[in-house]
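Commentary on secondary and tertiary structure
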Amino acid sequence: PRQPAETAPPPPATGRLVVSSQPWASVEIDGQTRRTPFEIELAPGTYSLQFRNPGLPAVREQVTVSAGGEPQAAVRLLDRLAEVTLDIRPWAVVTVNGAERGTTPELRTLYQAPGEHTIRFVHPQLGETTRTVSATAGASQRLTVLMTQE
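Attention in this report is confined to the structure presented alongside it. What you see is a predicted model; the values in this text were computed from it and never measured.

Rules of the game
- Residues numbered from 1 in each chain as written.
- Predicted model: local features only at pLDDT ≥ 70, side-chain atom pairs only at ≥ 80, totals over all residues.
- Heavy atoms only, no water.
- Helix = DSSP H or I, 4+ residues; strand = E, 2+ residues; numbered from the N terminus.
- Rg over C-alpha atoms; globule rule 2.2 N^0.38 Å.
- Buried < 20%, exposed > 50% of the residue type's maximum accessible area, 1.4 Å probe, protein only.
- Contact = heavy atoms within 4.5 Å.
- Pairing = 2+ DSSP bridges.
- Phe/Tyr/Trp six-rings, centres within 6.5 Å; stacked < 30°, edge-to-face > 60°.
- Lys NZ or Arg CZ within 6 Å of the ring centre and 35° of its normal.
- Axes fitted to C-alpha atoms, helices over the stretch in contact; angles between N-to-C directions.
- Core = buried A, V, L, I, M, F, W, Y, C linked by side-chain atoms within 4.5 Å.

Regarding its fold elements, the protein presents zero helices and 14 strands. In the protein, the order of α-helices and β-strands from amino to carboxyl end is β-β-β-β-β-β-β-β-β-β-β-β-β-β. Its C-alpha atoms give the protein a radius of gyration of 23 Å, clearly above 15 Å, the size a compact globule of 150 residues would have. Judged by the C-alpha coordinates and their principal axes, the protein covers about 100 × 25 × 20 Å. The proportion of buried residues among the 150 residues of the protein is 35%. Residue pairs in contact within the protein that sit at least 24 positions apart in sequence constitute 47% of those at least 6 positions apart.

In structure tokens, the structure reads:
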């Protein structure tokens with residue numbers, strides 16, 4: 001008797017994207033938000049991922065998924081940002097590019113996306129001071145401000 005021909009399984013219609021980050025992040029992808037690390041089945045195509053961690057600027061990463069593929073999106077958020085250490089005397093409310101970030105000395109470090117940033121320091125009795133910093137990914141800098149009456 002004749003054996004039935006074996007049929008090959010159909011090729012996969014999706015790929016498995018493996019996503020991780022240091023530190024953790026919420027990631028928006030394909031209309032869903034998930035927390036790293038995670039894996040997700042996706043149709044073939046190019047996806048834009050947005051990694052968000054409270055206190056850090058968002059980081060975007062683009063990844064291409066192919067049918068049957070297992071691409072990795074492993075992002076070290078701090079490597080993509082600049083670190084600005086604050087030394088503000090006696091203390092001040094800190095605003096970066098118009099958004100309030102906190103009060104020194106509790107707020108000691110800012111993580112900024114690369115580029116120019118306007119940092120404003122306000123003290124109720126000592127007035128305000130503004131500095132512009134040029135941030136480079138992966139670099140650290142110290143910003144010292146002595147708040148004085150003018």
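Past the structure itself, the notes keep going.
On to the pairing of strand 5 (residues 45-52), then. Sheet analysis places strand 2 (residues 26-29) next to strand 5, joined by three bridges and oriented antiparallel. When the sheet's bridge partners are listed, E28 is paired in strand 5 with Q50. Sheet topology places strand 5 next to strand 6 (residues 59-65); seven bridges connect them, and they run antiparallel. Residue G45 lies in a different strand from strand 6, and its bridge partner there is V65. In sequence, strand 5 turns back onto strand 6 through a hairpin of six residues, with G55 there showing a positive phi of about 90 degrees.

Aromatic ring pairs are described here by two measures, namely the spacing of the ring centres and the angle between the planes. All chains considered together, the criterion is met by zero aromatic pairs. Over the ring of W24 we find R35, and its NZ or CZ is 3.9 Å from the ring centre.

The alternating pattern of strand 11 (residues 109-112) places L110 and Q112 on a buried face, while none of T109 and Y111, on the opposite face, is buried. Here strand 8 (residues 82-89) runs beside strand 11; their pairing, made up of four bridges, is antiparallel. Note that in strand 11 the partner of V84 across the bridge is L110.

Read across the sheet, three strands follow the order 11-8-14 without closing on themselves; strand pairing throughout is mixed. The open sheet has two edge strands with one neighbour each: strand 11 and strand 14 (140-146). Between one strand axis and the next, the sheet turns by 25 degrees as a mean value, whatever way the strands run.

A few words on the nonpolar core. Judged by nonpolar contacts, the single largest core of 19 residues is most densely connected at L17, V19, I29, L49 and F51. Of all the secondary-structure elements, those providing two or more residues to this core are strand 1 (15-22), strand 2, strand 4 (38-42), strand 5, strand 6 and strand 7 (72-76). Of all hydrophobic cores here, the second largest spans 15 residues; its members include I88, A92, L107 and L110.

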